[in-house]
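Chains, contacts and geometry: an overview
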Amino acid sequence: MSEVAQNAAGEAPAGKAQELQRAFDVFNQVSLELAQAYAGLQARVESLTAELATANGELRRQYQEKEALSERLSLLLAALPAGVVVLDSRDRVSEANPAAQSMLGDALPGADWSALAHSRLVATEAPEEWQVDARRVAIAESALDSAGGRILLIHDVTVAHRLKADLERNQRLAAMGEMAASLAHQLRTPLATALLYSANLAQPELAEAARLRFAGKATEQLRRLERLIQDVLLFARGESIGREAIDAAPWLAEAAQTLEPLCAEKGVVLSVVVDDGDSIIMGGRKALSGALLNLLENALQACERGGEVALLASVDDGRLRVAVRDTGPGIAPEAQARIFEPFFTTRGQGTGLGLAIALGVVRAHGGTIEVHSAPGAGSEFVMYLPAGVAAGLETERE
């Protein structure tokens, strides 16, 4: 074999050995990298396992807290004296606490609220109060924005309503006691005058014209006495306010029409500005009309010829504001403090019961009357009454 062939045969095994060595070196490097990657992955798994355990522990703690809170809320709702009703987006009762079930019936969950309200709730004179059998309840609602339903909070106000009625009755009785002396004086004057004229009628020599005049005077005093007694009885009894739904606009227009001819006869301008927002008030139409006409007639009597009486109505924070304004001489501050007292009057022929009766009627309807006046600047009597919107009340009744 030649020398060249021998060299070629010797170089071939050496080249293969080098390739194998390089392959082993690459394999060892890859194995080392895989071992390092595995170690890193194992460390990451251990870290994630620890984080997951921590997260599970936190979730378990939150779940236990929420479960305890839910249990406390359930106990609170069960012990709450007020009724709580939860309505879903379809207006069906999804939840109700025991107080609500005792008021509206045990079959409350799953019931349609509109049908239930129509069958069980009877409207009262107060817009947010209802009669349920022998109970009187007030209902307030809040929206559930996330679920699209509502929460109804039902308060039993039977005792409070009864106490309010008893308080008003006791106040009337106290006022009757205070005005007993004034009543005796008020009755004595027309009675004595009527007796004097009646005594003159018995004189045989009295001329026919004088007899007729004395008879007319006696009749006039007796009628005055009758009006006084009627006012006293009305004040003592209080007014039955009823549960009639009264549209504010026609009610105000009717009062203005009643006063208009009286204003024209006296030469006084009557102006009416009504922005009642389609309001409805609950109560007795006759009693409220009498109270409003009393304020209007007082304003007319305070005006001289050429003066003005204004009837203004607007809605203020869920209340109907009815103002009666005149251009009369005004009321002195010391008189304003007593203007609603029984038998207090600034007119010689007044009984002093008109404003007291008007205030009693308005208070019985859940409202009040305020007076604003200054000497020489006229007077304004403002009547506030709870009111609702016509469409809203009709929906509630349906």
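Provided above is the structure to which this section pertains.
Residues numbered from 1 in each chain as written. Predicted model: local features only at pLDDT ≥ 70, side-chain atom pairs only at ≥ 80, totals over all residues. Heavy atoms only, no water.

**Things to note about the overall build of the chain**
Across its full length, the chain carries 11 helices and 14 strands. By residue count, 32% of the 398 residues in the chain fall in the buried class. Expressed as a percentage of contacts within the chain between residues at least 6 apart in sequence, the contacts between residues at least 24 apart total 60%. Carbon and sulfur atoms make up 57% of the accessible area of the chain, which amounts to about 23,800 Å² in all. (Helix = DSSP H or I, 4+ residues; strand = E, 2+ residues; numbered from the N terminus. Buried < 20%, exposed > 50% of the residue type's maximum accessible area, 1.4 Å probe, protein only. Contact = heavy atoms within 4.5 Å. Areas by Shrake-Rupley, 256 points an atom, 1.4 Å probe, with all protein chains shown as cover.)

**Brief notes about unusual backbone geometry**
Outside of glycine, negative phi angles account for most residues, and trans bonds account for most peptide bonds. For Asp91, which is not a glycine, the phi torsion comes out positive at approximately 65°. Within the secondary structure, Asp91 sits in the loop between strand E1 (83–87) and strand E2 (93–96). In this structure Asp91 comes out as buried when scored by relative accessible area, which is 18%. Phi at Asp317 is positive, roughly 55°, even though this residue is not glycine. By secondary structure assignment, the location of Asp317 is in the loop between strand E10 (308–316) and strand E11 (319–326). Take Asp317: its relative accessible area is 73%, and that puts it in the exposed class.

**Describing the pairing of E1**
Of all the five residues making up E1, five are buried; the element is thus mostly covered by neighbouring parts of the structure. By the alternation rule, side chains of E1 split into Gly83, Val85 and Leu87 and Val84 and Val86, which are all buried. Judged from the five bridges that link them, E1 and strand E6 (residues 149–156) form a sheet pairing that is antiparallel. Each residue of the ladder has a partner; that of Val86, found in E6, is Ile151. Pairing of E1 with E2, which is carried by three bridges, proceeds in the antiparallel orientation. The residue bridging Leu87 from the neighbouring strand is Val93, located in E2. Hairpin geometry of E1 and E2 is characterised by an intervening segment of five residues between the two adjacent antiparallel strands and by a positive phi of about 65° at Asp91. (Pairing = 2+ DSSP bridges.)

**Quick word on the nonpolar core**
Within the largest apolar cluster, 43 residues are counted, with the highest numbers of intra-cluster contacts made by Trp251, Leu292, Leu296, Phe381 and Met383. Elements with a minimum of two residues in this core: helix H7 (248–266), helix H8 (285–302), E10, E11, helix H10 (354–364), strand E12 (368–373) and strand E13 (379–386). The dominant element in this core, judged by the number of residues it contributes, is H8, at nine residues. For Leu292, the residues in contact, after removing those within four places along its chain, are Trp251, Leu252, Ala255, Leu311, Val322, Val324 and Met383. Leu116, Ala117, Val132 and Ile139 belong to the second-largest nonpolar core, a separate cluster that totals 18 residues. (Core = buried A, V, L, I, M, F, W, Y, C linked by side-chain atoms within 4.5 Å.)

**Some words on the sheet that holds E11**
Pairing is mixed in the open sheet, where five strands are placed in the order E8-E10-E11-E13-E12. In this open sheet, the two strands that pair with only one neighbour each are strand E8 (269–275) and E12. Looking at each pair of strands side by side, their axes are set apart by 15° on average, direction ignored. With six bridges connecting them, E12 and E13 associate as antiparallel partners. Its bridge partner lying in E13, Glu370 is registered against Val382. (Axes fitted to C-alpha atoms, helices over the stretch in contact; angles between N-to-C directions.)

**Describing the packing of H7 against H8**
At a minimum axis distance of 10 Å, the contact between H7 and H8 shows a crossing angle of 30°. One finds that H7 runs roughly parallel with respect to H8. Judged by the sense of rotation from one axis to the other, the crossing of H7 with H8 is right-handed. Together, Pro250, Trp251, Leu252, Glu254, Ala255, Thr258, Leu259, Leu262, Cys263 and Lys266 of H7 and Arg285, Leu288, Ser289, Leu292, Leu293, Leu296, Glu297, Leu300 and Gln301 of H8 make up the contact between the two elements. Tallied by class, residues from the contact of H7 with H8 come to 12 nonpolar, three polar and four charged. (Parallel < 35°, antiparallel > 145°, perpendicular 65-115°, else oblique. Left-handed = near helix turned anticlockwise from the far one by under 90°. Nonpolar A, V, L, I, M, F, W, Y, C, P; charged D, E, K, R; others polar.)

**Observations regarding H7**
Between its first and last C-alpha atoms H7 spans 27 Å; for 19 residues at 1.5 Å apiece the expected length is 27 Å, and the two agree. At Leu259, H7 shows its strongest bend, of approximately 30°, with the proline Pro261 following within four residues. Along H7, the residues that are buried comprise Ala248, Trp251, Leu252, Ala255, Ala256, Leu259 and Cys263. Of the residues trailing H7, Gly267 is marked for its positive phi of about 80°. (Expected span 1.5 Å × (residues − 1). Bend = angle between axes of the 7 residues up to and from the residue.)

**Brief notes about the sheet that holds strand E3 (residues 122–123)**
Within a beta sheet, neighbouring strands are joined by backbone hydrogen bonds and run either parallel or antiparallel to one another. Taking strand neighbours across the sheet as the criterion, the six strands line up as E2-E1-E6-E5-E4-E3 in an open arrangement whose pairing is antiparallel. Two strands in the sheet have a free side with no partner beyond their single neighbour: E2 and E3.

**With respect to the environment of Gly376**
Topologically, Gly376 is positioned in the loop between E12 and E13. We classify Gly376 as exposed; its relative accessible area is 68%. In sequence terms Gly376 and Gly330 are 46 residues apart; their C-alpha atoms lie 5.3 Å from each other. Discounting residues that sit within four places of it in the chain, Gly376 has contacts with Pro329 and Gly330.

**Quick notes on the packing of aromatic side chains**
Overall, the coordinates contain one aromatic pair when judged by the stated rule. Ring geometry for Phe340 versus Phe381: centroids 6.3 Å apart, planes at 85°, classification edge-to-face. Here Phe381 lies in strand E13 and Phe340 lies in the loop between helix H9 (333–336) and H10, a separation of 41 residues in the sequence. With relative accessibility at 18%, the residue Phe340 sits in the buried group. Relative accessible area serves as the criterion here: at 8%, Phe381 is assigned to the buried category. Its guanidinium or amino end placed over the ring of Phe214, Arg213 lies 5.3 Å from that ring's centre, counting from NZ or CZ. (Phe/Tyr/Trp six-rings, centres within 6.5 Å; stacked < 30°, edge-to-face > 60°. Lys NZ or Arg CZ within 6 Å of the ring centre and 35° of its normal.)

Any functional reading would require information beyond the geometric quantities listed.
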